[in-house]
Amino acid sequence: MPLDPMSALSVAAAVVQFIDYGTKVVSKGKELYKSPDGALYENVELEAASCRLQSLSRKMLASLHPEQLGALSEAETALENICHGCNEVSKLLVSRLEDIQLPKDLADPDDSDGNNAFREKAQRKWHSFRQALKTVWSKKEIDEIADRLARLRTELDTHHDKQFALVNRNEQQIMTHLLQDHEALQDVITQFKALSIWQEKEHEKTRRIFIARAEERFRRKIQLGLLESLRFTTMKDRDEAIGEAHQRTCEWIFREPDTNEDSFPWSSFTEWLKSGDGVYWIHGKPGSGKSTLMRFVSTHPLTRTNLGHWAQGHIHTSAFYFWNSGAIEQRSQVGLFRSLLYDILGGNIDLIPAVFPEEWDEYLELSKHDVPFTFKNYSLKKLIRGFTRLISQVSDNSRFCFFIDGLDEFEGDHEELAVYFHQLSCSPFVKLCISSRPLTVFKECFKLRPSLRLQDLTASDIKRYIEDKLNSNVRMELLIRQNPDEAVKLVEEVIQKAEGVFQWVSLVVKSLLKGLGQKDSILYLMKRIQQLPADLEHLYAYILSSIDPIYMEEASMVFQIYHAAELSIHEAGIDMKVVYHALTCDLAQALGDNDCVLCCKDPGFDSISDHMDTILRTRCGGLIEIHEDKDRYYLSYIHHTVKEYLMQPVVWDSLLAHTSTNGVNNFDPDMALVVSWILLFKT
């Protein structure tokens, strides 16, 4: 019975399907038979891929192990699940592929030979056919497994894409932050560069400051060194030795002269200070108080105030007191210029390089290179040149005013000194107030300059001094109440006889106070005045003649020791202990071990100064007196005119006669001083 077309078509399709199926079985059987490892090529590749997938899954799972990384994130958990799925499917696939492989003992047809070769070959063919048939039957299952793997792979790729996208976003954020950080870094670098530039500038500024400070230290060292080299130890001795003006005395000099009251005309000192120029000359007798007046005006505030009208700016002042009883610097031009330069430069230290340019350059260069040096002594020529440079530093708003006392006590050419000051005063920026005795050389040089004669103008000061000294005495107060008119006459007698010599008045007042201490009446006080010589020289002679003859030998020794000390020490004021031990000790005592020799020799006195004061009053008539300067006691003449009087050959020889025999002096004052210095050296 013929088949209907649809049935025939179905049969034909089944035949084709069978033939295709059989062909696949034969083809795969043949491939298995020929395969060296008993597996199809496509299955080998699939198995290899599955094995690689297993290996990668295991590695990925190992990297996600919680023990190593702690708790997993959501993404990492999903990745772990995918890896487990891949691992399980790959194992299943490998297992199914192994099932359709030829057995290992039949895998290679060339492995056996001999009698069983044919049988084994036939057996291999049968197994190849059977495995091919399994392959055809298992393909659907294997394909399903492969599809599962593909889906897992797709899922894994999707996960990776997400992770990589997240990584990309993180990278982009990192790059953004890096770019922002780069910009910030650029700002930091810019700021750092600016800071570096600022630091370099600051370092340079600091370096310049340090260099400037080092330079300033060098400059300061040289300034102070040069200034100190001008100073000498006795620079202020004469100034300090001059007594303070008695209260309310000397003030008249700042008043205008009244021609109706004053018998002797004098130039207005105030007017000269305000608008005058050149030299103002104060002259007078020895002992008239010139030094006291000079000290008064040089330190009085009104002097500087009045000079301010002339200077119209800064005024530089300095004072120097010549003293022929002092050290060599106190009676020489060298000492004069050193003192004036020291005073002015001390207040204007920046002028030192201009005043001493050669010395400045030399010492500064040595100082910069740490070369040791000592400041040299100044010659008179260098000092004059430096003083001239100092004067040249003045300007329209600064002036110099110098006060020079005792030109007659200068140990040198008086005329040369007077001419120098005259020439100096010709500068419109300089004026000088000078005092001296009225020597001819000074009269000629300063006769046309403003001046005053001191003894003509001190009557009121002398009267005030006498009244203040005497009226404070209890005995004198009683005498004034009893005989007021006689007391007035007593004062007038002293003023008239003094003739303006303050030193004479001072000695007379001491004599009057001594008489008051001895209960003298006004009558006896008047006799004392009448017996005293009216001039200083005769007064000094009278004082010496009044010394008890029994003390004259010791008096001569004191005067000789003092004079020898002046010559050897060259200082104003002789240490009291030097004279005391020279007078009271001998060589044996000086060389002995007695440590008590420096104590007062007379137990009736509390101290050496007490004992020495008594010796000076009773043996020397008070012509030498004790002065106290801090902890130091020193001796000096009451006035430089005492030395002038004693050094007259006739007077000095009469003093030496008291220690001489047949014209030979038995007393060696130099040896006495050696004894004293040994004692002082031992202490």
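Note that the structure is predicted; figures quoted are calculated from it, not measured.

Peer 1: Explanation requested: the overall build of the chain in the structure shown.
Peer 2: Looking only at helices and strands, the chain features 28 helices and 10 strands. Across the 683 residues in the chain, those meeting the buried criterion constitute 41%. For the chain, contacts bridging at least 24 residues in sequence account for 76% of all contacts bridging at least 6. Only carbon and sulfur atoms are counted for the fraction: they give 54% of the accessible area of the chain, which is about 38100 Å².

Peer 1: Explain helix 16 (residues 459-471) here, please?
Peer 2: One turn of an α-helix holds 3.6 residues; hence residues three or four places apart share an orientation. The end-to-end C-alpha distance of helix 16 is 18 Å, a good match for the 18 Å that 13 residues give at a rise of 1.5 Å each. Taken residue by residue, helix 16 has Asp-461, Ile-462, Tyr-465, Ile-466 and Leu-470 as its buried positions. Burial along helix 16 is one-sided: seen end-on, the buried residues are contained in an arc of 145 degrees. Here the buried face of helix 16 lies against helix 17 (474-482), helix 18 (484-498) and helix 19 (502-517).

Peer 1: Would you explain the nonpolar core in this entry?
Peer 2: For soluble globular proteins, the rule of thumb is that nonpolar side chains tend to be buried together. Counting 68 residues, the largest nonpolar core has Ile-466, Met-476, Trp-504, Val-505 and Leu-646 as its most contacted members. With nine residues, helix 22 (residues 552-569) is the largest single contributor of residues to this core. With residues near it in sequence (within four places) discarded, Met-476 still touches Leu-470, Asn-471, Ala-487, Leu-490, Leu-516, Ile-522 and Leu-525. Residues Trp-281, Ile-344, Ala-418 and Leu-432 belong to the second largest nonpolar core, which totals 45 residues.

Peer 1: Can you help me understand the packing of aromatic side chains in this one?
Peer 2: Aromatic ring pairs: the centre-centre distance and the angle between the two ring planes describe each pair. Evaluation of the coordinates by the stated rule reveals 20 aromatic pairs. Residues Phe-400 and Phe-402 carry aromatic rings whose centres are separated by 5.8 Å and whose planes lie at 10 degrees to one another, so their mutual orientation is stacked. You can call Phe-400 buried: its relative accessible area is 2%. With a relative accessible area of 0%, Phe-402 lands in the buried category. With a centroid separation of 5.9 Å and an interplanar angle of 50 degrees, the aromatic rings of Tyr-540 and Tyr-645 are classed as tilted. Pair noted here: Tyr-540 is in helix 21 (residues 536-545) and Tyr-645 is in helix 26 (residues 640-646), with a separation of 105 residues, a long-range link. Accessibility assignment for this pair places Tyr-540 and Tyr-645 in one class, buried. These aromatic residues form a ring-pair network of at least three members: Phe-337, Phe-387, Phe-400, Phe-402, Tyr-420 and Phe-421. The positively charged end of Lys-431 is found above the aromatic ring belonging to Trp-272, 4.7 Å away from the centroid. The residue whose ring lies beneath Lys-431 is Trp-310, and the NZ or CZ to ring-centre distance is 4.3 Å.

Peer 1: Help me out: how do you make sense of the environment of Val-430 in this one?
Peer 2: Within the fold, Val-430 resides in strand 4 (residues 430-436). You can call Val-430 buried: its relative accessible area is 1%. Taking C-alpha positions, Val-430 is 9.7 Å from Ala-311, a pair spaced 119 residues apart along the chain. If near-sequence neighbours (up to four positions away) are discounted, Val-430 is found in contact with Gly-278, Trp-310, Ile-391, Phe-400, Phe-402, Leu-424 and Ser-425.

Peer 1: Teacher, can you tell me more about the confidence of the model for the chain here?
Peer 2: Interpretation of the predicted coordinates at a detailed level should be avoided for regions scoring low in pLDDT. Confidence along the chain averages 80 in pLDDT terms, with 73% of residues attaining 70 or more. Of all helices and strands in the chain, the one with the weakest mean pLDDT is helix 1 (residues 5-34) (47), whereas strand 1 (residues 278-283) scores best (96). Low pLDDT (under 50) marks residues 1-23, which in the prediction has five contacts with non-local residues, meaning those over four places away or in another chain.

Peer 1: It is not clear to me how the packing of helix 22 against helix 28 (residues 669-682) should be interpreted in this structure. Could you clarify?
Peer 2: Helix-helix packing is described using two parameters, namely the angle between the two axes and the distance between the axes. Orientation of helix 22 relative to helix 28, taken along the N-to-C sense of each, is 75 degrees, at an axis distance of 9 Å. Accordingly, the angle class assigned to the pair helix 22 and helix 28 is roughly perpendicular. In this structure, helix 22 contributes Gln-560, Ile-561, Ala-564, Ala-565, Ser-568 and Ile-569 to the contact, and helix 28 contributes Pro-669, Asp-670, Ala-672, Leu-673 and Trp-677. Per-class residue counts for the contact of helix 22 with helix 28 are eight nonpolar, two polar and one charged.

Peer 1: Is there a simple way to think about the pairing of strand 7 (residues 624-629) in this case?
Peer 2: Along any regular strand, the residues point their side chains to alternate faces of the sheet. The pairing of strand 7 with strand 8 (residues 632-637) spans six bridges and is classified as antiparallel. Each bridged residue has a counterpart across the sheet, and for Glu-628 the counterpart in strand 8 is Tyr-633. Linking two consecutive strands that pair antiparallel, namely strand 7 and strand 8, is a turn of two residues; a positive phi of about 60 degrees is found at Lys-630 within it.

Peer 1: Is there a simple way to think about a nonpolar patch on the surface in this case?
Peer 2: Taken together, the side chains of Leu-185, Val-188 and Ile-189 make up a nonpolar region of the molecular surface, amounting to roughly 240 Å² of accessible area. Examined against the element boundaries, Leu-185 turns out to sit in helix 5 (residues 117-230).

Peer 1: Is there a simple way to think about the sheet that holds strand 6 (residues 574-575) in this case?
Peer 2: Consider a sheet: its strands pair through backbone hydrogen bonds, and that pairing is either parallel or antiparallel. Spatially, the three strands line up as an open sheet ordered 6-8-7, and their pairing is antiparallel. Of all the strands in the sheet, just strand 6 and strand 7 have a single pairing partner and so form its edges. Set on the sheet, helix 25 (residues 608-619) makes contact with strand 7 and strand 8; between it and strand 7 the angle comes to about 150 degrees.

Calculation rules
Residues numbered from 1 in each chain as written. Predicted model: local features only at pLDDT ≥ 70, side-chain atom pairs only at ≥ 80, totals over all residues. Heavy atoms only, no water. Helix = DSSP H or I, 4+ residues; strand = E, 2+ residues; numbered from the N terminus. Buried < 20%, exposed > 50% of the residue type's maximum accessible area, 1.4 Å probe, protein only. Contact = heavy atoms within 4.5 Å. Areas by Shrake-Rupley, 256 points an atom, 1.4 Å probe, with all protein chains shown as cover. Expected span 1.5 Å × (residues − 1). Arc of directions from axis to C-beta. Core = buried A, V, L, I, M, F, W, Y, C linked by side-chain atoms within 4.5 Å. Phe/Tyr/Trp six-rings, centres within 6.5 Å; stacked < 30°, edge-to-face > 60°. Lys NZ or Arg CZ within 6 Å of the ring centre and 35° of its normal. pLDDT = per-residue confidence, 0-100. Axes fitted to C-alpha atoms, helices over the stretch in contact; angles between N-to-C directions. Parallel < 35°, antiparallel > 145°, perpendicular 65-115°, else oblique. Nonpolar A, V, L, I, M, F, W, Y, C, P; charged D, E, K, R; others polar. Pairing = 2+ DSSP bridges. Patch = residues over 30% accessible without salt bridge, like charges linked within 9 Å, V, L, I, M, F, W, Y side chains within 5 Å. Salt bridge = Lys/Arg side-chain N within 4 Å of Asp/Glu carboxyl O.

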